[in-house]
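Take a look at the letters that make up each chain.
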Amino acid sequence: NNMGLLNQYALLKRWRGLPRTSAEMTKLAQSAAPKDKSTRMNVAQNALELGQRVVYEPLLATLVQDFPTDTGVQRMQAEQQDRARPSMSASIRRTTSPNDTIGGSASIDHAAQLRISTPWLYRHWRPFVQLEQSASDSTRYGDLAYGRVGVGTEWTYLTHRAWGLISQEQEGEGGQNVQLG
């Protein structure tokens, strides 16, 4: 059936990072079957991808009410509830080089980043604390270690995102740093 194909095509477009195109395809499916679960889920997820939380939240509430046992709807609800909770992310990287071209010895580099974020505030803001640590063993200058701690905020509105971070080196003579993205 064409509606099912339109919904699948819209889903693929959203997965490929084209939520506006997905929304156009979903509108076609919605005109044929406005009460269809897949179509309604696509409408809601397109609103989410386009940053339209004011539209998304009531659509999700209706989906939860109409399809409480559907695993896709439950996943959407869990993701929405996660926005109301603090979060933590961490990354660790380790690299080795077999031979330092100047010193003649192998080196091992470590880098770690930890970020703790508050729940989203006013739908668009999320403050966070970030800690970065890195170390290099067996360099020609000896072992090196570096660490920074910082505070920042993340902002999102519709499809726009930005963040800012002010950090301070934990030890040594490094100073403050401001990063924007």
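The structure under discussion appears in the preceding block.
Residues numbered from 1 in each chain as written. Predicted model: local features only at pLDDT ≥ 70, side-chain atom pairs only at ≥ 80, totals over all residues. Heavy atoms only, no water.

### Observations regarding helix 5 (residues 71–82)
Residues three or four positions apart in an α-helix share a direction because the helix packs 3.6 residues into each turn. Over its 12 residues, helix 5 runs 16 Å from end to end, which matches the ideal 16 Å to within 8%, given 1.5 Å per residue. Listed as buried for helix 5 are Gly72, Val73, Met76 and Gln80. Within helix 5, the buried residues cover an arc of 100 degrees as seen down the axis, which keeps them to one side. Contacts made by the buried residues of helix 5 are with helix 3 (37–49) and helix 4 (53–66). Taking the backbone nitrogen of Gly72 as reference, a side-chain oxygen 3.0 Å away marks Asp70 as the first, capping residue of helix 5. (Helix = DSSP H or I, 4+ residues; strand = E, 2+ residues; numbered from the N terminus. Expected span 1.5 Å × (residues − 1). Buried < 20%, exposed > 50% of the residue type's maximum accessible area, 1.4 Å probe, protein only. Arc of directions from axis to C-beta. Contact = heavy atoms within 4.5 Å. Polar contact = N/O pair within 3.5 Å; in protein donor to acceptor, adjacent residues only side chain to side chain.)

### Quick word on the pattern of salt bridges
Per the counting criterion, the structure on display carries eight salt bridges. Of the charged contacts in the structure, one is a salt bridge between Arg126 and Glu154, with a shortest N-O distance of 2.7 Å. Linking Arg126 in strand 3 (residues 125–139) with Glu154 in strand 4 (residues 142–157), this pair joins segments that are 28 residues apart in sequence. The same class applies to Arg126 as to Glu154, namely buried. For Glu169, the salt bridge is made with Arg148, and the minimal N-O distance between the two is 4.0 Å. Highlighted residues: Glu169 in strand 5 (residues 160–169) and Arg148 in strand 4, separated in sequence by 21 residues. Classification of Arg148 as buried rests on a relative accessible area of 6%. (Salt bridge = Lys/Arg side-chain N within 4 Å of Asp/Glu carboxyl O.)

### Some words on the side chain of Ser22
Along the chain, Ser22 falls in helix 2 (residues 19–32). On the accessibility criterion, Ser22 (0% relative accessible area) is buried. In this structure the side chain of Ser22 is engaged in a polar contact, spanning 2.8 Å, whose partner is the side chain of Asn46. Setting aside residues up to four positions removed in sequence, Ser22 forms contacts with Ala10, Leu11, Lys13, Arg14 and Asn46.

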